[in-house]
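# Observations on the model geometry
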Amino acid sequence: MSDSTGHLGTEERYALSSDCTDGELRSVVKIYARKVVEAHDLAVAVSSLEWEISHRAKRRAGALFHSDGQPQRIQIARRHFENSGWLAVTSTIRHELIHAHLLNTERDVGHGKRFQQFAEALDTSVHCERFSEPSYWVRCEECDREIARYRESKLVKQADQFRCGDCGGRFSVVPVDENGSR
Ligand SMILES: [Zn+2]
Ligand SMILES: [Zn+2]
């Protein structure tokens, strides 16, 4: 471990813009995950796991999917990155890696005493992290792609001046009310 926070300094070396592609985000997530695994000697094979940047995850910042007692896939919510930034994502990665490690070594998927010990060592939360719903959805009228925005950003205020990067369509803005429905 290169510093007492367990962050390994990686977040300073990778300046991810909030508009980076899922592929770019996933690469950095995997690089960071390898460093955590090495630094803490976790029994996790980063390369044999599937790493997914999810646009569908609604409330969970991250999740570990497993079958037959084997970790299969770690999912990171794109909205968590957009909402809270890379530092928050590193905490989620550490959290999910602890799950993978404990599943591999002790068949344990809970947040019990062992998890708590690791969470302390790796400076992450004991509870699966949640993230809040965005304040606005910017939706492409052509392909229905949806972009979450948590503030009244330029894209929200001047949506008519932007075009969808996937299909060139026009955007419309859908505000989200207090209880999260739209
Ligand atoms: Zn958890
Ligand atoms: Zn589109």
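Residues numbered from 1 in each chain as written. Chains lettered and ligands numbered in written order. Predicted model: local features only at pLDDT ≥ 70, side-chain atom pairs only at ≥ 80, totals over all residues.

### Things to note about the sheet that holds strand β5 (residues 146–149)
Read across the open sheet, the three strands follow the order β5-β4-β6; overall the sheet is antiparallel. The sheet is open, and its two borders are formed by β5 and β6 (171–175), each paired with just one other strand. Strand-to-strand, the axes of this sheet are offset by a mean angle of 25°, without reference to chain direction. In terms of strand pairing, strand β4 (residues 136–140) meets β5 through four bridges, oriented antiparallel. Its bridge partner being in β5, Y136 is matched across the sheet by R149. (Pairing = 2+ DSSP bridges. Helix = DSSP H or I, 4+ residues; strand = E, 2+ residues; numbered from the N terminus. Axes fitted to C-alpha atoms, helices over the stretch in contact; angles between N-to-C directions.)

### Quick look at the sheet that holds strand β3 (residues 70–77)
Strand order in the open sheet made by the three strands is β1-β3-β2, with mixed pairing throughout. In this open sheet, the two strands that pair with only one neighbour each are β1 (50–54) and β2 (62–67). If you compare each strand with its neighbour and ignore which way they point, the axes differ by 25° on average. As paired strands, β2 and β3 are joined by six bridges and run antiparallel to one another. What sits directly across from F65, in β3, is R73.

### Things to note about the nonpolar core
Of all hydrophobic cores here, the largest spans 24 residues; its most connected members are V29, Y32, A33, I93, L97 and A100. At the level of secondary structure, the elements contributing two or more residues to this core comprise α2 (22–40), β3 and α4 (86–106). Apart from residues no more than four positions distant in its own chain, A100 is found in contact with V44, L49, L64, P71 and I74. Within the second largest apolar cluster, five residues are counted, among which are Y136, C140, I147 and F171. (Core = buried A, V, L, I, M, F, W, Y, C linked by C-beta atoms within 7 Å. Buried ≥ 20, exposed ≤ 12 C-beta atoms within 10 Å, placed from the backbone. Contact = placed C-beta atoms within 7 Å.)

### Description of the packing of α2 against α4
Viewed as axis vectors pointing N to C, α2 and α4 meet at an angle of 55°, and their least axial separation amounts to 10 Å. Between α2 and α4, the angle falls in the class oblique. Helix-helix and strand crossings are classified by hand; for α2 and α4 the assignment is right-handed. Between α2, through V29, Y32, A33, V36 and V37, and α4, the contact on the second element is made entirely by T90, I93, R94 and L97. Looking at the contact of α2 with α4, its residues break down into seven nonpolar, one polar and one charged. (Parallel < 35°, antiparallel > 145°, perpendicular 65-115°, else oblique. Left-handed = near helix turned anticlockwise from the far one by under 90°. Nonpolar A, V, L, I, M, F, W, Y, C, P; charged D, E, K, R; others polar.)

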